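# A structural walkthrough
The residues making up each chain are set out below.
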There are 2 protein chains.
Amino acid sequence: MRRSTQAIDACLASLAVALILLIAAALNPVLAQEPLPSWNDTPAKTRIMDFVKATVTEGGEGYVAPVDRIAVFDNDGTLWSEQPYYVQLGFVLDRVKALAPRHPEWKTREPFKSVLDGDLKGIAKGGEKGMVELMMATHAGMTTDEFTKIATDWFASSKHPKTGKPYTEMTYLPMRELLDHLRANGFRTYIVSGGGVEFMRPVTDQLYGIPPEQVVGSTIATEYDLAGDVPVLKRLPKIDFIDDGPGKPVGINKFIGLRPIFVAGNSDGDYEMMRWTTAAKGPSFAMLVHHTDATREYAYDRDSAFGKLDKALNEAERRNWLVVDMKNDWKKIFAFEQ
Amino acid sequence: MRRSTQAIDACLASLAVALILLIAAALNPVLAQEPLPSWNDTPAKTRIMDFVKATVTEGGEGYVAPVDRIAVFDNDGTLWSEQPYYVQLGFVLDRVKALAPRHPEWKTREPFKSVLDGDLKGIAKGGEKGMVELMMATHAGMTTDEFTKIATDWFASSKHPKTGKPYTEMTYLPMRELLDHLRANGFRTYIVSGGGVEFMRPVTDQLYGIPPEQVVGSTIATEYDLAGDVPVLKRLPKIDFIDDGPGKPVGINKFIGLRPIFVAGNSDGDYEMMRWTTAAKGPSFAMLVHHTDATREYAYDRDSAFGKLDKALNEAERRNWLVVDMKNDWKKIFAFEQ
């Protein structure tokens, strides 16, 4: 009798384990650790958590079918730092220096001269025209495969000018947690950035768990060609699409074809996509990352050369857009912080 | 004693059920029915099955990491019928008729007159210029939301001119099975079509299990605007991108950002994306759907006005591209067949 009781106990224990595993397998995404651990317990966190919970609560009025759970994130200043200048500008500056030996004329020709002299004000004087010239000199004239390798190698070796950390560590931990939390609740997460799509794609999976095909960005024209008998795509010195400002909803529509229900940005360049997202018929959520922490990161908004935030900030309250205060709402900004 | 034996038996039975459920949950994608049931047991099926199996066999030389398992499919003539004319042309003809009351001048003005007279040869005479004019008159001048509704409504009511079936039933069952089989093995499946992306997106999920964001196609220019205070995207009468021929690898690179390892097409418009896909460093697979069945579908290749297949067919053998013979390799073409 004791033996059979033991057998029953053992069997019941096994059954319990099997059932727990089964339930765990079924509920896997939900059983992750407490979400958003680097967020303080402020109303900002509560608003985000409440919205996400409502989207997955079947029968509730905030419920959103899985197919429509699209979340879009600006990159510069929203997912990683954009100060003292855009990461991609850091790439441009380094590439001009690397290519200079092949272009002796750059020593005396603007905007290249200013770059080689380390004169940021001189670069700024060149305006948009100068910037386009720098972009084309560094981003075109090679195949797509070659450019991917150049960008990948650069990310592996370059450092942020202030922190000395690799640019790949300059991502905001609370935002990475937010991406994870959204994905755990069935959202497809996209980057929608003014930056070059082929500059970002080599690292977004590693940085944010966002694969190349979920990156929307500015593009330059490419052309199919044969190198001998080998098909290649050549990058041409010609802008194809600027994914910024009113271009962002256009890019979302073109690349994704669905209106997002969640949008995160940090500057006026995100204003139109925030308007478009929150004009959805059903539930939607918009948030601005407000850079308020001069100690741990940077403090800037209305007067910044990079990531100017003015109009969107003015309208945030009446449009019910969440303004995240980095200083008060985030426990930790970078993973490397003590 | 009997009671405890029964209890053990009952418990073991429950345990067995729980374990089976657990294993089923873990193996779910693999436990589907025998793949490709509508394909005959010819070498074509074997080649496809062998390739897919190799891509998921870890340690084998044909193994491909999940992130790189991208499969691209042409749509017209590869996933659904393109005869007697492209489905989207059927849409254009119907739309011109529907809009004609608002455009009395069309009665005497080409290319609209030919459409209203049902004169396909007259339409053909208008050439590319006439076709673009018809496209713009029917595809532009509304918001993206409005166009999506127009396309959705049309698909719900229109019929194929030969079979009388809804266009949504004119898909090839063996190809839908192939899409399923690839997805069950970790592939992300994309449409890469010369057709308009916003024409296809409303129905691709229902037709092929392909969501809007996995459709690459031709685009017309859109513009962000405010209708009163409501943000909208307006469709402009201007071509933005032609996703055909050499445009296909360009479109793949722009929208997906990864080189596919599997490509299916049926015409010379797919030639460049087949070249580009099969120039990958690792394993890759290309196939052509050859329309050889005049009884169950249509028989055409080198001389067809829609889906001309000439150069790609000439090169298929030496490039080791699989040519699928619809008549002999497919047991069933359409799901509605007896």
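Let me sum up the structure you'll find in this document. (Residues numbered from 1 in each chain as written. Chains lettered and ligands numbered in written order. Predicted model: local features only at pLDDT ≥ 70, side-chain atom pairs only at ≥ 80, totals over all residues. Heavy atoms only, no water.)

## Quick look at the packing of aromatic side chains
Counting across every chain of the model gives 39 aromatic pairs over all chains. The interplanar angle of 50° and the centroid separation of 5.7 Å between the aromatic rings of A:Tyr172 and A:Trp330 together place this pair among those described as tilted. You can see A:Tyr172 sitting in the loop between α7 (144-157) and α8 (173-184) and its partner A:Trp330 sitting in the segment after α13 (326-329), a full 158 residues away along the chain. Each of the two residues, A:Tyr172 as well as A:Trp330, counts as buried. Members of the aromatic cluster, connected to one another through ring pairs, are A:Trp80, A:Phe91, A:Phe147, A:Trp154, A:Phe155, A:Tyr167 and A:Phe199. Directly above the ring of B:Tyr298 sits B:Lys162, whose terminal nitrogen or CZ lies 4.2 Å from the centroid. Above the plane of the ring of B:Phe241 lies B:Lys254, whose end atom (NZ or CZ) is 4.3 Å from the centre. (Phe/Tyr/Trp six-rings, centres within 6.5 Å; stacked < 30°, edge-to-face > 60°. Helix = DSSP H or I, 4+ residues; strand = E, 2+ residues; numbered from the N terminus. Buried < 20%, exposed > 50% of the residue type's maximum accessible area, 1.4 Å probe, protein only. Lys NZ or Arg CZ within 6 Å of the ring centre and 35° of its normal.)

## Points about the pairing of strand β6 (residues 285-292) of chain B
Residues and elements named next belong to chain B. Taking burial as the measure, the eight residues of β6 include seven buried ones, the bulk of the element. Both strand β5 (residues 262-265) and β6 contribute to a ladder of four bridges, which runs parallel. Counted as the bridge partner of Gly265 is Leu288 from β6. Handedness of the crossover joining β5 and β6 through helix α11 (residues 271-277): right-handed. With four bridges joining them, β6 and strand β8 (residues 322-325) adopt parallel strand pairing. In the strand pairing of β8, Leu288 is matched with Val323. (Pairing = 2+ DSSP bridges. Right-handed = clockwise from strand over helix to strand, strands pointing away.)

## Examining empty space enclosed by the protein
Under the defined criterion, the tally for this structure stands at two cavities of 30 Å³ or more. As a volume, the largest cavity reaches approximately 50 Å³. Around the largest cavity sit A:Tyr190, A:Glu213, A:Val216, A:Phe255, A:Ile256, B:Tyr190, B:Glu213 and B:Phe255, which together line it. Of the residues assigned to the lining of the largest cavity, the class counts are six nonpolar, no polar and two charged. As a volume, the second largest cavity reaches approximately 40 Å³. Looking at the second largest cavity, the residues that line it are A:Asn75, A:Asp76, A:Trp80, A:Gln88, A:Ser193, A:Gly195, A:Phe199 and A:Met200. (1 Å grid on protein atoms, 1.4 Å probe; cavity = no way out; pocket = protein on both sides within 12 Å on 5 of 7 lines; lining within 4 Å. Points joined across faces, edges and corners; volume = space filled by probe spheres on them. Nonpolar A, V, L, I, M, F, W, Y, C, P; charged D, E, K, R; others polar.)

## Concerning unusual backbone geometry
All names here are of chain A. Following Gln83, the chain continues into Pro84 via a peptide bond in cis, with omega recorded as 0°. Tracing the sequence through the fold places Pro84 in the loop between β1 (70-73) and α3 (87-99). Even without being a glycine, Leu36 presents a positive backbone phi close to 55°. Following the sequence through the fold, Leu36 ends up in the loop between α1 (2-27) and α2 (43-56). On the basis of relative accessibility, which here comes to 1%, the residue Leu36 falls in the buried class.

## Considering the side chain of B:Gln88
All names here are of chain B. Turning to its location among the elements, Gln88 is positioned in helix α3 (residues 87-99). Here His139 takes part through its side chain, which lies 2.9 Å from a polar atom of the side chain of Gln88. Within the structure, Gln88 has its side chain in polar contact with the backbone nitrogen of Gly196 (distance 2.9 Å). (Polar contact = N/O pair within 3.5 Å; in protein donor to acceptor, adjacent residues only side chain to side chain.)

## Focus on the pattern of salt bridges
Note that side chains of opposite charge can pair when their charged atoms are close. For the structure shown, the criterion picks out 34 salt bridges over all chains. Linking A:Arg319 and A:Glu315 is a salt bridge whose minimum nitrogen-to-oxygen distance equals 2.7 Å. We note that A:Arg319, like A:Glu315, is buried. Across the pair B:Asp153 and B:Lys149 runs a salt bridge, and its minimum N-O distance is 2.6 Å. With a gap of four residues between them, B:Asp153 and B:Lys149 both fall in helix α7 (residues 144-157), about one helical turn apart. Residue B:Asp153 is classed as partly exposed on the basis of its relative accessible area, which comes to 38%. (Salt bridge = Lys/Arg side-chain N within 4 Å of Asp/Glu carboxyl O.)

## Focus on the side chain of A:Glu272
Counting through the fold element by element, A:Glu272 comes out in helix α11 (residues 271-277). An unpaired buried charge is present at A:Glu272: no salt bridge exists, and A:Lys311, the closest side chain of opposite charge, is 5.3 Å distant. When residues no more than four places from it in sequence are discounted, the contact partners of A:Glu272 are A:Gly245, A:Pro246, A:Pro249 and B:Tyr224. (Lys, Arg positive; Asp, Glu negative; His and termini not counted. Contact = heavy atoms within 4.5 Å.)

## Brief notes about the layout of surface pockets
Residues and elements named next belong to chain B. Reported here for the second largest pocket is a volume of approximately 1200 Å³. Looking at the second largest pocket, it is lined by 45 residues, and the ones nearest its centre are Tyr86, Met131, Met135, Gly194 and Asp244. Breaking the lining of the second largest pocket down by element, the ones donating at least two residues are α3, α5 (120-125), α6 (127-139), β2 (188-196), α9 (197-208), β3 (215-227) and β4 (230-241). The element that contributes the greatest number of residues to the lining of the second largest pocket is α6, accounting for seven residues. In the lining of the second largest pocket, the residues fall into 21 nonpolar, 13 polar and eleven charged. Both of domain 1 (39-84 + 166-329) and domain 2 (88-144) provide at least three residues apiece to the lining of the second largest pocket. (Domains from an automatic or database assignment.)

## Describing the packing of α3(A) against α7(A)
For any two helices packed against each other, the geometry is given by the interaxial angle and the distance between the axes. Residues and elements named next belong to chain A. Where α3 meets α7, the closest approach of the two axes is 11 Å, and the angle between their N-to-C directions is 100°. By the angle between their axes, α3 is roughly perpendicular relative to α7. Across the interface between the two elements, Val87, Gly90, Phe91, Asp94 and Arg95 of α3 pack against Phe147, Ile150, Ala151, Trp154 and Phe155 of α7. Each residue belonging to the contact of α3 with α7 can be placed in one class, and the counts come to seven nonpolar, one polar and two charged. (Axes fitted to C-alpha atoms, helices over the stretch in contact; angles between N-to-C directions. Parallel < 35°, antiparallel > 145°, perpendicular 65-115°, else oblique.)

## So, the packing of α3(A) against helix α6 (residues 127-139) of chain A
All names here are of chain A. Relative to each other, α3 and α6 sit at 65°, their axes nearing to 9 Å. Relative to α6, α3 is oriented so that their crossing is left-handed. Across the interface between the two elements, Gln88, Leu89, Phe91, Val92, Arg95, Val96 and Leu99 of α3 pack against Met131, Leu134, Met135, Ala137, Thr138 and His139 of α6. Taken together, the residues of the contact of α3 with α6 break down into nine nonpolar, three polar and one charged. (Left-handed = near helix turned anticlockwise from the far one by under 90°.)

## A closer look at the pairing of β4(B)
Residue and element names in this part refer to chain B. Note that β3 and β4 share eight bridges and pair antiparallel. When the bridges of β4 are listed, Ile220 appears paired with Ile239. The antiparallel hairpin formed by β3 and β4 contains two residues in its connecting segment, where Gly228 sits at a positive phi of about 65°.

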